[in-house]
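Inside the fold
Here is what each chain is made of, one letter per residue.
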Number of protein chains: 2
Amino acid sequence: MSDQLEHYFTSNRQAHLEELSQFLRIPSISVGTEHKEHIRKAAAWLADSLKSGGMEHAQLLETGGNPVVYADWLHAPGKPTLLIYGHYDVQPSDPDDRWDSPPFEPTIRDGKLYARGATDDKGQLFIHMKAVAALLATEGKLPVNIKWCIEGEEEIASKHLFALLEKEAEKLQADAVVISDGPMQERGVPSILYGLRGLCGFQLDVTGPRHDLHSGLYGGGVQNPIFALSELLASMKNNEGTITIDGFYEGVEPLSEADRERFTTLKHDDAKVQRDLAVNALFGEAGYSFLERTTARPTLEIHTITGGFQGEGIKPIVPSSASAKLSCRLVDQQDPDRIFELIERHIELHKPAGVEVKLTLLVKGKPFRVSTDNPYIQAAARAYEAGFGASPVFVRAGGSIPIVDSFSRLLEAPVVLMNFGLPDENLHAPNEHFHLENFDLGLRTVCHFVRLVGAP
Amino acid sequence: MSDQLEHYFTSNRQAHLEELSQFLRIPSISVGTEHKEHIRKAAAWLADSLKSGGMEHAQLLETGGNPVVYADWLHAPGKPTLLIYGHYDVQPSDPDDRWDSPPFEPTIRDGKLYARGATDDKGQLFIHMKAVAALLATEGKLPVNIKWCIEGEEEIASKHLFALLEKEAEKLQADAVVISDGPMQERGVPSILYGLRGLCGFQLDVTGPRHDLHSGLYGGGVQNPIFALSELLASMKNNEGTITIDGFYEGVEPLSEADRERFTTLKHDDAKVQRDLAVNALFGEAGYSFLERTTARPTLEIHTITGGFQGEGIKPIVPSSASAKLSCRLVDQQDPDRIFELIERHIELHKPAGVEVKLTLLVKGKPFRVSTDNPYIQAAARAYEAGFGASPVFVRAGGSIPIVDSFSRLLEAPVVLMNFGLPDENLHAPNEHFHLENFDLGLRTVCHFVRLVGAP
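The model shown is predicted, which means the values in this text are computed figures rather than measured ones.

Here we come to the overall build of chain A. Scanning chain A for helices and strands turns up 14 helices and 18 strands. Here the C-alpha radius of gyration of chain A, 23 Å, is about what a compact globule of 456 residues would show, namely 23 Å. Once the C-alpha set of chain A is aligned to its principal axes, its extents read approximately 80 × 50 × 45 Å. Burial status across chain A gives 64% buried among its 456 residues. Here the contacts in chain A between residues at least 6 apart in sequence split such that 79% fall between residues at least 24 apart. In the structure as shown, chain A presents an accessible area of about 16400 Å², 48% of it carried by carbon and sulfur atoms. On chain A, the mean spot of the 44 positive side-chain charges and the mean spot of the 63 negative ones are 1 Å from each other.

Written out as structure tokens, the structure reads:
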């Protein structure tokens, strides 16, 4: 790292953190409709910030939903073009009373910045923005061409981005896509994602009697929708954690010896995870390790269940309905549409008597893989070595960024998933935070990456 | 019925309905704590109304919870004393948007009075109040002694009444207890309850990870508390509706031939119930009819379930916890404490790996039976014949009035359960109502009953 750049980052650190805090103060929650105004505010803030960082053509691309922020700097003819993707929308903050400091009042404690979106994804996106701005400010130009594509619907399955990518494929054309929207392996161990799981999210609605019934008069005589829903949910997995939906594992490739060895060398500390989560045991599909279960194997998780009287005390009713929201993480050749069909069939077969069951698809995305030999992936590895002083590990991640598969297909460009978060930064949970140490190292790493791509 | 009494009821009908509407306008909901003021208001209203009906010693007995309204008229020496029980508390009204007229704005449509509490139990209690007041007004005296015991915690399992009955056993001493707090068999067919089911209500709390986790990072690797809860619930009943908690049916007597015949002669219209409830099938314990299942057999029903993200859209988490509220209706020799123990043991045996499960007892009451040969029961039967022009059927009810067993034990008095409601009056549900035809017939029937007890 040049002295000049190092000086730039050091002397601007406070200003950078203040600017990031401005961004984090905007509650740009995309779930639901009550934060539409904040979504707009966050998008406009980003366009302004990119402009003042030297980017050109900063604009909001309308999608029919939340806008995508676009900007570019295209003055490196003959050099590769990088498309940097991120998202400015965040998860809801509830339960707010479980946060030690308010979710939208960024607070630094013990070298960590606490706020909703700190690590997912505002903090990580901001690293790219400030690294590129720093290169431009200190050197007057960039060694590559840069485009930005920052969406506001990542937390609601990128509803409108797919169509936008098709429509604006030319504008967004690039040689590689760069995304930082997840955790590194662990503190001090950077990682590059070469696989992501796909997603199939759905809702189950069970309907029984026309209205809630007094359980003293009708109890025992009609099907209870909560019981029917529980039975259906329980029928989808056995007590060894194996999913029992017929055909579910079709297209899942057995883990190769090399894969399993790679998992073993990661030396994952299961006992530490168990302690951190305060559970009496880790639990998952029989025959697989924690890391394999959470990254390379498909899953079925229940996110929401609700039914009956939701007030204080007990109200002895047979409720009229009950519902649940679930999603499957998918791997290899599993296809979300096919999985949805299999679930439909499972429900048809297992539907308890006396109720109606409705199944609704909520989100979907295909699994993703990239070759670790790709030159952009290799450049990222070298950048980490220079920035962190540590070789990255190559990992498959359990999460889903459905848009990754689309980028790779529609732009025909490799996707480089280089993360700066940590696994225990409470993303999607109270007390989300971002380690500032990785913010600092990330700035340097992105500078190295951009230079390596420009002069391999 | 004397012409004088008939004239009294006819000329006072409008005033009676207006007075009942006043009572129904008070949202005296006992579940939760936000209606404490309305509870007090309803109790005070009752004491005033009893006083203006000629009762003496009207007072609120403090219980540590909601007060019990007491009053008496004891000027018939040598004659039996009747204790009339009722309750002035009501169920919550939610979901309010499912009511065709607001729950606490009584409205008459098609000869029915719509309001929360119309049939359960304000309307039925009010029949007794006005019948006794009418006898006193038209004849200057009563043929029996009367005491009133009207509680404000029936919908929350009569939390403080048990202790009060023990403490005030002498004051409340009576030869028979009269209760109207449920439905008749059907329109035109009055009924006398000779059996009630007991109750054991409890809450299940399943706790997993310290906080909600991102399902993309931890999904598949930790037990999902909603899944664990669903599995536990599903393990308590099989798909034929039989409860699978070991030992649950201990103390349940097989239905006698006579019992089963009595059920058959009731000629219950299952198809009509199915149509009314809009379900594709009735469902319950294999080997029993709908009537047997809902009155003579024990049950296990789930009233509430909740877990995970409760907002709009999908939030892909492994939630930190999930919980459910359930109750069992008990018959014959089943004891709620024993049932709770069996459930504890069941949970210990079936607890899924990776979560903690907490079981909390919420309410309990023993089953109740009375002999149909008892003279007070027989007086009630003759009163129905005179008032309704129809012989009552003797039925066992599915509901629970835990206090009935206590009255019968602590006061050593038979309990006469004579109802004036109808089964489809939506008690505990939106659009609760009371048929005014039965209000009118009830007034006459109670007068007959009081006279028959005074001069058998």
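On to the sheet that holds strand β5 (residues 112-114) of chain B. Residues and elements named next belong to chain B. One open sheet holds the 3 strands; their spatial order is β4-β5-β18, and the pairing between them is antiparallel. In this open sheet, the two edge strands, each paired with only one partner strand, are β4 (107-109) and β18 (433-435). Recorded for the sheet is a direction-independent mean angle of 25° between the axes of neighbouring strands. Pairing analysis gives 3 bridges linking β4 to β5, with the strands arranged antiparallel. Across the sheet, the residue bridging to I108 is L113, located in β5. Sheet contacts for helix α14 (residues 436-454): β4, β5 and β18; angle to β18, the most-contacted strand, approximately 55°.

Least-squares fitting of chain B to chain A yields an RMSD of 0.1 Å, with the transformation described by 0.0 Å of translation along the axis and a rotation of 180°. Taken together, the rotation angle and the small translation identify this as a two-fold axis. A share of 99% of interface residues in chain B that are also interface residues in chain A marks the association as one of identical surfaces.

Here the focus is the interface of chain B and chain A. Across the contact, 91 residues belong to chain B and 92 residues belong to chain A. Inspection of the chain B/chain A interface yields 47 residue pairs in polar contact (both at pLDDT 80 or more). The greatest single-element share of the side of chain B that touches chain A, amounting to 9 residues, is contributed by strand β11 (residues 299-308) of chain B. For the side of chain B that touches chain A, the per-class residue count stands at 37 nonpolar, 36 polar and 18 charged. Inspection of the sheet shows strand β11 (residues 299-308) of chain A paired to β11 of chain B by 5 bridges, in the antiparallel sense. Among the inter-strand pairings, G308 of chain A is bridged to a residue of β11 of chain B, identified as T304 of chain B.

Moving on, we come to helix α12 (residues 375-388) of chain B. Residue and element names in this part refer to chain B. Along its 14 residues, α12 runs 20 Å from first to last C-alpha, staying within 8% of the 20 Å computed at 1.5 Å per residue. Within α12, burial applies to Y376, I377, A379, A380, A381, A383, Y384, G387 and F388. In this structure, the buried residues of α12 make contact with β3 (81-87), β7 (176-179), β8 (191-196), β16 (393-397), β17 (415-418) and α14. At the N-terminal end of α12, a side-chain oxygen is found 2.8 Å from the backbone nitrogen of Y376, two or three residues along, and the residue is N374. Looking one or two places after α12, you find G389, whose phi comes out positive at around 65°.

On to the pattern of salt bridges, then. Using the criterion set out here, one finds 35 salt bridges over all chains in the structure. Its salt-bridge partner being D440 of chain A, residue R13 of chain A comes within 3.0 Å of it at the nearest N-O pair. One end of the pair, R13 of chain A, is in helix α1 (residues 3-25); the other, D440 of chain A, is in helix α14 (residues 436-454), with 427 residues separating them in the sequence. When the shortest N-O distance is used, the salt bridge between R260 of chain B and E292 of chain B registers 2.8 Å. Placement of the pair is R260 of chain B in helix α8 (residues 257-265) and E292 of chain B in helix α10 (residues 290-295), with a sequence separation of 32 residues. For E292 of chain B, a relative accessible area of 5% puts it in the buried group. Here the residues in one salt-bridge network are E250, R338 and E341 of chain A, joined through shared partners.

Here we come to the UniProt feature "domain: Peptidase M20 dimerisation" (unreviewed entry) in chain A. In this structure's numbering, the residues bearing the UniProt feature "domain: Peptidase M20 dimerisation" (unreviewed entry) are residues 194-353 of chain A. Counted over residues 194-353 of chain A, helix gives 32% and strand 23%. Its end C-alpha atoms are 45 Å apart.

So, about the domain arrangement of chain A. Residue and element names in this part refer to chain A. Taken domain by domain, chain A consists of domain 1 (3-196 + 367-454), domain 2 (198-252 + 298-364) and domain 3 (253-295). The centre of domain 1, based on its C-alpha atoms, is set 36 Å off from the matching centre of domain 2. Domain 1 puts 9 residues into the contact, and the matching count from domain 2 is 9 residues. Buried area between domain 1 and domain 2, both sides added, is near 650 Å², and the carbon and sulfur share of it is 55%. Among the residues of domain 1 in contact with domain 2, A157, P367 and S400 are the three that bury the most area, contributing 61% of the side total. Here domain 1 is connected to domain 2 by 1 salt bridge. The residue D332 makes a salt bridge to R369 at a minimum N-O spacing of 3.4 Å. Joining domain 1 to domain 2, the criterion identifies 1 residue pair in polar contact (both at pLDDT 80 or more).

This part covers the packing of aromatic side chains. If you walk through the whole model with that rule in mind, you get 16 aromatic pairs over all chains. Measuring from ring centre to ring centre gives 6.0 Å for Y8 of chain A and F9 of chain A, while their planes differ by 75°; the resulting arrangement is edge-to-face. In this structure an aromatic cluster arises from ring pairing among Y384, F388 and F420 of chain A. Geometry around Y114 of chain B places R109 of chain B over its ring, the cationic atom sitting 4.0 Å from the centre. When the ring centre of F23 of chain B is taken as origin, the NZ or CZ atom of K122 of chain B, which lies over that ring, is 5.0 Å away.

So, on to the packing of α1 of chain A against helix α3 (residues 122-139) of chain A. Residue and element names in this part refer to chain A. Between α1 and α3, the shortest axis-to-axis distance is 10 Å and the interhelical angle comes to 140°. When the axes of α1 and α3 are compared, the pair comes out oblique. When the axes of α1 and α3 are compared, the crossing they make is right-handed. Contact residues: α1 offers Q4, L5, Y8, F9, H16, E19, L20, F23 and L24, while α3 offers K122, G123, L125, F126, K130, A131, A133, A134, L135, A137 and T138. When the residues that make up the contact of α1 with α3 are grouped by side-chain class, the tally is 13 nonpolar, 4 polar and 3 charged.

All names here are of chain B. Among the structural elements, P392 can be located in the loop between α12 and β16. For P392, a relative accessible area of 9% gives the class buried. Expressed as a C-alpha distance, the spacing of P392 and V69, which sit 323 residues apart in the sequence, is 30 Å.

All names here are of chain B. Burial of helix α7 (residues 225-234) is extensive: 10 of the 10 residues sit out of reach of the surface. Among the residues making up α7, those that are buried are P225, I226, F227, A228, L229, S230, E231, L232, L233 and A234. Its side-chain oxygen placed 2.9 Å from the backbone nitrogen of I226, N224 serves as the N-cap of α7.

Reading guide: rules and limits
Every chain is numbered on its own, with residues counted from 1 as its sequence reads. Here chains are named by letter from A upward and ligands by number from 1 upward, in the order in which they appear as written. Given that the model is predicted, a residue must reach a pLDDT of at least 70 before its local features are reported, and side-chain atom pairs must reach 80 or more before they are shown or counted; all residues, however, enter totals for whole chains, interfaces and linings. Just so you know, side-chain values use all the structure's heavy atoms and leave hydrogens and water out. To qualify as a helix, a DSSP run of H or I must reach at least 4 residues; to qualify as a strand, a run of E must reach at least 2; elements of each kind are numbered from the N terminus. Both definitions apply: the radius of gyration is a C-alpha atom measure, and the globule rule equals 2.2 Å times residues to the power 0.38. Whether a residue is buried, partly exposed or exposed follows from its accessible area with a 1.4 Å probe, protein chains only, as a fraction of its type maximum: under 20%, in between, or over 50%, in that order. The contact rule is simple, with two residues in contact once any of their heavy atoms fall within 4.5 Å. For the accessible areas, the method is Shrake-Rupley and the probe is 1.4 Å, while residue cover comes only from the protein chains on display. For the charge count, each Lys or Arg is scored as positive and each Asp or Glu as negative, with His and the chain ends excluded. Each charge is placed at NZ for Lys, CZ for Arg, CG for Asp and CD for Glu. What makes two strands pair is DSSP finding at least two bridges between them. To get an axis, fit a line to the C-alpha atoms, keeping to the stretch in contact for a helix; angles then go from 0 to 180 degrees between the N-to-C directions. Each copy is superposed on the other by least squares, with the fit set by C-alpha atoms of residues at a pLDDT of at least 70 in both. Throughout this description, a polar contact denotes any pair of N or O atoms lying within 3.5 Å of each other; where both atoms belong to protein, one of them has to be capable of donating a hydrogen while the other can accept it, and for residues adjacent in sequence the pair is counted only when both atoms sit in side chains. Three classes are used, and their members are as follows: Ala, Val, Leu, Ile, Met, Phe, Trp, Tyr, Cys and Pro are nonpolar, Asp, Glu, Lys and Arg are charged, and the others, Gly among them, are polar. Helices are assigned an expected span. That span is 1.5 Å times one less than the residue count. We define a salt bridge as a side-chain nitrogen of Lys or Arg found within 4 Å of a carboxyl oxygen belonging to Asp or Glu. UniProt positions are given in the numbering used here, feature names are shortened, and annotations may be inferred rather than shown by experiment. Domain segmentation is taken from an automatic or database assignment of domains. Accessible surface is computed with a 1.4 Å probe, and the buried area is the amount of it that two parts give up when combined, taken over both parts together. For this analysis, a ring pair means two rings from Phe, Tyr or Trp (six-membered ring only for Trp) whose centres lie within 6.5 Å, classed as stacked if their planes differ by under 30 degrees, edge-to-face if by over 60, and tilted for the remaining angles. Over a ring means this: the NZ of a Lys or the CZ of an Arg is within 6 Å of the ring centre and within 35 degrees of the ring normal. For this classification, under 35 degrees means roughly parallel, over 145 means roughly antiparallel, 65 to 115 means roughly perpendicular, and everything else is oblique. Crossings are assigned a handedness: left-handed for a near helix turned anticlockwise from the far helix by less than a right angle, right-handed for a clockwise turn.

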